[in-house]
Amino acid sequence: MKQIPTIIKAFQKQVKVNPDFDPFRFVDYDDDSQKWIIESHTYREAYNRSLEIAYMLRKKGIRPGDRAIIFSMQDFGTMYAVYGCMMAGVVFVVIPPPLDEDKTARFISVLKSCHPKALISNYALEQGSDVSVTGRLLKEAFRDTIRLKRIYTDQLTPYRREDVIVPVEMDSLAYLQYTSGSTKDPKGVRVLWRNVTKNLEQCSDCVSLDHVSLATWVPFFHNLGLTVTVLMPLMATNSVGYFLQTLRFLENPKLWIKMMYDFQTTLTVGPGSAYDACTRIFSEEEAAKYPLTHVTHFMNGSEFISAKTVERFTKMFHCAPNAMAPGYGVSENVCLATFARQDYRTLKLDYEAYQKNRAVIVEGDTDTTENTDSNQIKEIVSVGAPVKDLTVRIGNARTHKVYPDLRIGEIFLGGDSVTDGYWQNPKDSRCFHAKLTGYDMDFYRTGDLGFLYQGHLYITGRIKEMLIVNGHNIYPSDLQVTVS
């Protein structure tokens, strides 16, 4: 496995070896001129701006170990805020700006949880949007709100000295990754330096970012966006990232396809729903204008992956089947846990057995239709093999038993990339210390269900979301397919 230096050490090497290379390219498409608008920054520019963030943190009295919230504005400043916090030893939390009631509630919840001392944002973007840190915030989180020191990434003081860089201790906290909190208050995953460094090694072992071009719109506050699109590029050699605003993608998903084609990018990331959307909004004739034969990796994760969607997408955009690279990851393991390394696989299962928690492979060339009829076949997509040095097992938390291949159970993860718990939440952190028979190590209980077969992991659903009807297991993914 390629040994990865600490993130800031890697950044310093890039500045020394290739200071004028511009790896960060933020793009937008002008509909009037029908041309791409590109704003790029070099390694030297990025490093200097990150130093300025670190300096502002120190100037405002923010010490190593203190927390700082970063509004994910999907701009250069968000990236530099991450790097600057790492330089200063400040524990950062990247969250979406409070543009609506849900995001405001999330912001308040994070404020009350981690008690940050600084809030980093872009002043011009903040003024031009509906972002507000007053009003409701002052009512519900008065004490935490008024003590926040504001730092704006577009209003920095020039600073070039490296005395603001704090040496890294591998067992110290690097950042908090807050879970979505869709059903309750979000939990802050404690990501230590050794966790993120190890997972970056694992990601690099799965897919090298050297001499590649990346197309992405995935938000920086998502663990996939933070790890793969913000941190990994600092480890790469002569690679370029094209960043499209998330809101622009949501307004017009076709821009993602156009970006990959026009810039001839070789790697991209996105959830299953994004690939599915592209198969629905493009006609066959229109898709033929954007062949994506040059893309070697379509990283696909964080959501249910439909075999039918993959089939339609690869056919419409002339992709090699093995270019589709499903993966499985959780914030509690930083990001990536399993990955299909140009080895796309599916299994055809007997659906009736599947509903009874058994994976029975149906042999032969059976025509498959994804529905929940008991006489039909369930086709399920592999999310790849475990990343290097991560132990993935299927088992039962109550009996501590480890299940064999093709037995559906809970997914357990163990290794140095697995984090050590949730921020100031010992009760919920107990799931990081599960035991399995035959293993002298702690495992993290993911709450996800799946099975292993020939070294590959297959996801079936989540324990809390599974419905049991007349003794049959009904998974949300099956309902999604039926509705679609």
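Residues numbered from 1 in each chain as written. Predicted model: local features only at pLDDT ≥ 70, side-chain atom pairs only at ≥ 80, totals over all residues. Heavy atoms only, no water.

Caption draft 1: The arrangement of the sheet that holds strand S12 (residues 297-300) in detail. Spatial strand order, S2-S1-S10-S9-S11-S12-S13-S14-S17: 9 strands in an open sheet with mixed pairing. The sheet terminates laterally at strand S2 (35-41) and strand S17 (385-386), the two strands that pair on one side only. Examined bridge by bridge, strand S13 (residues 324-329) and strand S14 (residues 336-339) share 3 bridges and lie antiparallel to one another. Bridging across to S14, Tyr328 finds its partner in Thr338. (Pairing = 2+ DSSP bridges. Helix = DSSP H or I, 4+ residues; strand = E, 2+ residues; numbered from the N terminus.)

Caption draft 2: Focus on the packing of aromatic side chains. Applying the stated criterion to the full structure yields 32 aromatic pairs. With a centroid separation of 5.4 Å and 55° between ring planes, the pair formed by Trp36 and Phe263 is classed as tilted. Remark: Phe263 occurs in the loop between helix H11 (254-262) and strand S11 (267-270) and Trp36 occurs in strand S2; sequence separation between them is 227 residues. Considered together, Trp36 and Phe263 belong to a single accessibility category, that of buried residues. Cluster of aromatic residues (ring-pair linked, three or more members): Trp217, Phe249, Trp256, Tyr261, Tyr275, Phe282, Tyr290, Phe298, Phe313 and Phe317. Sitting over the ring of Phe282, Lys254 keeps its end group 5.4 Å from the ring centre. (Phe/Tyr/Trp six-rings, centres within 6.5 Å; stacked < 30°, edge-to-face > 60°. Buried < 20%, exposed > 50% of the residue type's maximum accessible area, 1.4 Å probe, protein only. Lys NZ or Arg CZ within 6 Å of the ring centre and 35° of its normal.)

Caption draft 3: Up close: empty space enclosed by the protein. On inspection of all chains with the given rule, the structure shows 3 cavities of 30 Å³ or more. A volume near 80 Å³ is recorded for the largest cavity. Along its surface, the largest cavity is lined by Pro23, Phe24, Leu209, Val212, Leu214, Pro233, Ala236, Ser239, Val240, Gly241 and Phe243. For the lining of the largest cavity, the residue count by class is 9 nonpolar, 2 polar and no charged. (1 Å grid on protein atoms, 1.4 Å probe; cavity = no way out; pocket = protein on both sides within 12 Å on 5 of 7 lines; lining within 4 Å. Points joined across faces, edges and corners; volume = space filled by probe spheres on them. Nonpolar A, V, L, I, M, F, W, Y, C, P; charged D, E, K, R; others polar.)

Caption draft 4: Looking closely at the nonpolar core. Membership of the largest hydrophobic core comes to 126 residues, with the highest contact counts inside it found for Leu57, Tyr83, Leu231, Phe298, Phe313 and Phe317. If one sorts the elements of this core by residue count, helix H3 (residues 76-88) sits on top with 10 residues. Ignoring sequence-local partners within four residues, the contact set of Tyr83 consists of Ile8, Phe11, Phe24, Ser50, Val230, Leu231 and Leu234. In this structure, Phe71, Leu119, Tyr178 and Trp423 belong to the second largest nonpolar core, which totals 17 residues. (Core = buried A, V, L, I, M, F, W, Y, C linked by side-chain atoms within 4.5 Å. Contact = heavy atoms within 4.5 Å.)

Caption draft 5: Representation of the sheet that holds strand S21 (residues 456-462) in the model. Pairing within the open sheet is antiparallel, and its 4 strands lie in the order S18-S19-S20-S21. The sheet is open, and its two edges are formed by strand S18 (391-395) and S21, each paired on a single side. Geometrically, the sheet is characterised by an average inter-axis angle of 50° between neighbouring strands, direction not taken into account. (Axes fitted to C-alpha atoms, helices over the stretch in contact; angles between N-to-C directions.)

Caption draft 6: Inspection of the state of the cysteines at higher detail. Applying the stated criterion to the full structure yields 0 disulfides. For the unlinked cysteine Cys206, the closest cysteine sulfur is that of Cys203, found at 6.5 Å. (Disulfide = S-S within 2.5 Å.)

Caption draft 7: Representation of the packing of helix H2 (residues 43-59) against H3. Remark: H2 packs on H3, axes separated minimally by 7 Å, with the N-to-C direction vectors making an angle of 60°. Of the possible angle classes, the one that applies to H2 and H3 is oblique. The two elements H2 and H3 meet at a crossing, and its hand is right-handed. When H2 is examined against H3, the residues Ala46, Tyr47, Arg49, Ser50, Leu51, Ile53, Ala54 and Leu57 are found in contact with a partner set consisting of Tyr80, Ala81, Tyr83, Gly84, Cys85, Met87 and Ala88. (Parallel < 35°, antiparallel > 145°, perpendicular 65-115°, else oblique. Left-handed = near helix turned anticlockwise from the far one by under 90°.)

Caption draft 8: Region of interest: the pairing of strand S16 (residues 377-381). With 5 of its 5 residues buried, S16 lies for the most part within the structure. Side-chain alternation along S16 places Ile377, Glu379 and Val381 on one buried face and Lys378 and Ile380 on a second face that is also buried. Here 5 bridges tie strand S15 (residues 346-350) to S16, and the two strands are oriented antiparallel to one another. The residue of S16 that forms the bridge with Lys348 is Glu379.

Caption draft 9: Highlighting helix H4 (residues 101-114). Over its 14 residues, H4 runs 20 Å from end to end, which matches the ideal 20 Å to within 8%, given 1.5 Å per residue. Within H4, the full set of buried residues consists of Thr104, Arg106, Phe107, Ile108, Ser109, Val110, Leu111 and Cys114. At the N-terminal end of H4, a side-chain oxygen is found 3.2 Å from the backbone nitrogen of Asp102, two or three residues along, and the residue is Asp100. A positive backbone phi angle near 50° is found at His115, which sits one or two residues after H4. (Expected span 1.5 Å × (residues − 1). Polar contact = N/O pair within 3.5 Å; in protein donor to acceptor, adjacent residues only side chain to side chain.)

Caption draft 10: Broad picture of unusual backbone geometry. One non-glycine residue, Asn238, lies in positive phi territory at about 50°. Accessibility expressed as a relative area gives 35% for Asn238, which makes it partly exposed. Phi at Leu406 takes a positive value of approximately 70°, unusual for a residue other than glycine. Relative to the elements of secondary structure, Leu406 occurs in the loop between S18 and strand S19 (409-414).

Caption draft 11: Region of the structure containing the packing of H11 against helix H12 (residues 272-281). Interaxial distance between H11 and H12 falls to 9 Å at its minimum, and their mutual angle equals 95°. The angle between H11 and H12 falls in the class roughly perpendicular. In this structure, H11 uses Lys254, Trp256 and Ile257 to contact H12, whose residues at the interface are Ala274, Tyr275, Cys278 and Ile281. Classifying every residue of the contact of H11 with H12 by side-chain character gives 6 nonpolar, no polar and 1 charged.

Caption draft 12: Geometry of helix H8 (residues 193-206). In this model, H8 (14 residues) spans 20 Å end to end at C-alpha, consistent with the 20 Å of a helix rising 1.5 Å per residue. Among the residues making up H8, those that are buried are Trp193, Asn195, Val196, Thr197, Lys198, Asn199, Leu200, Glu201, Gln202, Cys203, Ser204 and Cys206. Those residues of H8 that are buried lie in contact with helix H1 (7-17), H3, strand S7 (173-178), strand S8 (188-192), helix H9 (223-231) and S14.

Caption draft 13: Examining the side chain of Asn48 more closely. Position of Asn48 relative to the elements: it lies in helix H2. A relative accessible area of 17% places Asn48 in the buried class. When residues no more than four places from it in sequence are discounted, the contact partners of Asn48 are Tyr159 and Arg160.

Caption draft 14: Molecular detail of the confidence of the model for the protein. The share of residues in the protein with pLDDT of 70 or more is 88%, and the mean pLDDT across the chain is 89. Confidence drops under pLDDT 50 across residues 466-475; counting only partners more than four residues distant or on other chains, this segment forms 26 contacts. Across residues 479-484, where pLDDT falls below 50, the model places 8 contacts with residues more than four positions away in sequence or in other chains. (pLDDT = per-residue confidence, 0-100.)

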